[in-house]
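The primary structure of each chain is shown beneath.
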Amino acid sequence: MRTLRGLILLGLLVVRSRFRLRGAYWTWRRETAEGSGGSITRGERLGAVLEYARWLDRMHSIART
């Protein structure tokens, strides 16, 4: 459930950034997730995206209380 809510929040964040996935914020997120030097596999990237979605949901839950 947390993952689903997080994915919805992630989708809203993408909409709010006007789909500029190569903008400053998303570039920073990619570098934070992958590191500045290496590339990661598709599975590792998916895992990182899902973990970020769960984190978004946790932060959203905390902010509502």
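Residues numbered from 1 in each chain as written. Predicted model: local features only at pLDDT ≥ 70, side-chain atom pairs only at ≥ 80, totals over all residues. Heavy atoms only, no water.

Here we look at the side chain of Asp57
And then number 1: Summarising the element assignment, Asp57 is placed in helix 3 (residues 42-64).
And then number 2: Given the relative accessible area of 2%, Asp57 is considered buried. (Helix = DSSP H or I, 4+ residues; strand = E, 2+ residues; numbered from the N terminus. Buried < 20%, exposed > 50% of the residue type's maximum accessible area, 1.4 Å probe, protein only.)

A few points about the packing of helix 2 (residues 24-34) against helix 3
And then number 1: Viewed as axis vectors pointing N to C, helix 2 and helix 3 meet at an angle of 115°, and their least axial separation amounts to 11 Å. The orientation of helix 2 with respect to helix 3, classified from their angle, is roughly perpendicular. Helix-helix and strand crossings are classified by hand; for helix 2 and helix 3 the assignment is right-handed. Contacts from Tyr25, Trp26, Arg29, Ala33 and Glu34 in helix 2 reach Arg45, Ala48 and Tyr52 in helix 3.
And then number 2: Across the contact of helix 2 with helix 3, the residue classes tally to 5 nonpolar, no polar and 3 charged. (Axes fitted to C-alpha atoms, helices over the stretch in contact; angles between N-to-C directions. Parallel < 35°, antiparallel > 145°, perpendicular 65-115°, else oblique. Left-handed = near helix turned anticlockwise from the far one by under 90°. Contact = heavy atoms within 4.5 Å. Nonpolar A, V, L, I, M, F, W, Y, C, P; charged D, E, K, R; others polar.)

Some points on the packing of helix 1 (residues 2-16) against helix 3
And then number 1: Contact geometry for helix 1 and helix 3: axes closest at 7 Å, N-to-C directions at 90°. Considering the angle they form, helix 1 stands roughly perpendicular to helix 3. Listed contacts from helix 3 to Arg2, Thr3, Arg5, Gly6, Leu7, Leu9, Leu10 and Leu13 of helix 1 are Val49, Leu50, Tyr52, Ala53, Arg54, Leu56, Asp57, Arg58, His60 and Ser61.
And then number 2: For the contact of helix 1 with helix 3, a count of residues per class yields 9 nonpolar, 4 polar and 5 charged.

Structural notes on the pattern of salt bridges
And then number 1: This structure, assessed with the given rule, holds 4 salt bridges.
And then number 2: Of the charged contacts, one joins Arg5 and Asp57 as a salt bridge, the two residues approaching to 3.1 Å between their closest N and O atoms. Of this pair, Arg5 sits in helix 1 while Asp57 sits in helix 3, and the two are 52 residues apart along the sequence.
And then number 3: Relative accessible area serves as the criterion here: at 34%, Arg5 is assigned to the partly exposed category.
And then number 4: Notably, a salt bridge pairs Glu51 with Arg58, separated by 3.6 Å at the nearest N-O pair.
And then number 5: Assessed through its relative accessible area of 29%, Arg58 is described here as partly exposed.
And then number 6: Salt bridges linked by common partners bring Arg2, Arg5 and Asp57 together as one network. (Salt bridge = Lys/Arg side-chain N within 4 Å of Asp/Glu carboxyl O.)

All quantities given are derived from atomic positions and should not be read as evidence of function.
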